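Examining the three-dimensional arrangement
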Amino acid sequence: MRPIVTLTLNPALDLSSTAAGIVPDRKLRCTAPRSDPGGGGINVARAIKRLGGEATAFAALGGPTGARMAELLAAEGISCRRYEAPGETRMSLAVRDTERGGQYRFVLPGPEWTPAAEDALLADLGGGVPEGALVVLSGSQPPGISATFPARLAAVLGGRDLLVDTSGAPMLALREARAPLFALRLDGQEASEMAGRAITSVPDLAQLAAGLVAECVAAHVILALGAEGSVLASRGAEGAFHARPPRREVVSAVGAGDSFMGGFAQALAMGQPPEEALRLGTAAACAAVMSDATELCSAEDVAAILPEIVLARP
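To start, this report covers the structure provided alongside it. Because the structure is a prediction, the values reported are computed rather than measured.

**Description of the overall build of the protein**
When you go through the protein residue by residue, the secondary structure sums to ten helices and 14 strands. Computed over C-alpha atoms, the radius of gyration of the protein comes to 19 Å, within 12% of the 20 Å expected from 2.2 N^0.38 for 314 residues, which places it in the range of a compact globule. Buried residues in the protein amount to 54% of all 314 residues. Across the protein, the fraction of contacts at a sequence separation of at least 24, relative to all contacts at a separation of at least 6, is 65%. Charge centroids of the protein, computed over 27 positive and 34 negative side chains, lie 2 Å from each other.

**Let's talk about the pairing of strand β1 (residues 4-8)**
Counting buried residues along β1, five of its five residues qualify, which places the element largely inside the surrounding structure. With four bridges joining them, β1 and strand β4 (residues 56-61) adopt parallel strand pairing. When the sheet's bridge partners are listed, T8 is paired in β4 with A59.

**Description of helix α8 (residues 256-269)**
The terminal C-alpha atoms of α8, which comprises 14 residues, lie 20 Å apart, in line with the 20 Å expected from a rise of 1.5 Å per residue. With 14 of 14 residues buried, α8 is to be regarded as a mostly interior element. Following α8 by one or two positions, G271 has its phi on the positive side, about 90°.

**Re unusual backbone geometry**
Unusually for a residue other than glycine, D25 sits at a positive phi of about 65°. Relative to the helices and strands, D25 is located in the loop between β2 (12-19) and β3 (34-38). Positive phi, close to 50°, is recorded for R178, a residue that is not glycine. Relative to the assigned elements, R178 resides in the loop between α5 (168-177) and β10 (183-186). In this structure R178 comes out as partly exposed when scored by relative accessible area, which is 42%.

**Overview of the sheet that holds β3**
Adjacent strands of a sheet form backbone hydrogen bonds with each other and so pair up, either parallel or antiparallel. Across the sheet, which stays open at both edges, the four strands sit in the order β3-β2-β6-β7 with mixed pairing between neighbours. Among the strands making up the open sheet, the edge pair consists of β3 and β7 (103-107). Averaged over all pairs of adjacent strands, the angle between strand axes in this sheet comes to 20°, irrespective of strand direction. Pairing analysis gives eight bridges linking β2 to strand β6 (residues 90-97), with the strands arranged parallel. When the bridges of β6 are listed, L13 appears paired with M91.

Cut-off values and rules
- Residues numbered from 1 in each chain as written.
- Predicted model: local features only at pLDDT ≥ 70, side-chain atom pairs only at ≥ 80, totals over all residues.
- Heavy atoms only, no water.
- Helix = DSSP H or I, 4+ residues; strand = E, 2+ residues; numbered from the N terminus.
- Rg over C-alpha atoms; globule rule 2.2 N^0.38 Å.
- Buried < 20%, exposed > 50% of the residue type's maximum accessible area, 1.4 Å probe, protein only.
- Contact = heavy atoms within 4.5 Å.
- Lys, Arg positive; Asp, Glu negative; His and termini not counted.
- Charge placed at Lys NZ, Arg CZ, Asp CG, Glu CD.
- Pairing = 2+ DSSP bridges.
- Expected span 1.5 Å × (residues − 1).
- Axes fitted to C-alpha atoms, helices over the stretch in contact; angles between N-to-C directions.

Structure (structure tokens):
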């Protein structure tokens with residue numbers, strides 16, 4: 001097994017609850033909240049743990065909320081390498097309306113970083129990640145971290161394989177940087193933003209993924225389109241692979257992307273080829289949407305779904 005390190009720069013203590021009939025200008029009585037350690041890389045590490053693997057969660061944590069996050073990770077048996085953030089770790093709140101359906105998500109900003117703090121973080125990561133590791137950078141960036149951070153990280157990691165799941169300006173900057181990424185994952189909205197046009201079909205996904213590989217944005221590009229599944233294009237491979245999940249009732253889409261990255265990284269760490277990693281990641285994402293609130297995939301659901309996922313050429 002290759003070691004896996006997940007990176008979370010903007011973690012959040014995720015609170016989830018329910019309320020009946022969410023309307024404005026009225027006091028809403030919520031059920032007792034559930035607390036989970038959250039943020040892209042942290043959720044990837046939690047998904048890997050549920051799939052029987054191990055990952056070290058490198059997380060920038062600060063203040064009492066950060067300390068609470070570290071406690072919750074320890075309670076789940078996840079190794080956490082805590083990096084001191086320049087301020088209090090943020091919180092997020094997800095409330096599901098039990099009368100009308102739908103989930104309302106409120107996400108606070110993280111602490112402000114300075115260029116000097118970013119440089120110090122990169123120096124720490126350059127020397128603190130084991131050789132041969134799979135490194136997963138997932139989630140939003142906190143205020144002050146530059147859009148070029150993923151590309152700068154790829155440079156300091158040297159030969160370690162970096163998998164990135166990000167959005168917005170950092171995602172767009174990767175196209176200009178031609179950083180030595182091992183893998184890049186985007187969801188449908190992010191794929192449309194990267195393409196500068198609406199991406200609405202699997203053939204569109206395949207064309208864009210192959211184009212990004214040809215542009216040397218990453219050796220492997222994974223693009224997701226909700227219930228249609230994900231497409232993988234790889235350097236040196238002929239054509240793309242498409243993994244379509246079986247139909248399942250969607251309870252909550254929260255955590256689906258992180259569960260995918262957990263399954264994908266876990267399969268690679270076990271020595272499986274990228275197309276098989278695509279299958280496991282797709283099964284994990286499908287399992288995650290079946291769970292409530294901020295829950296991730298379960299090993300039992302993934303095992304049941306995996307045989308139903310067939311790889312095809314789009």
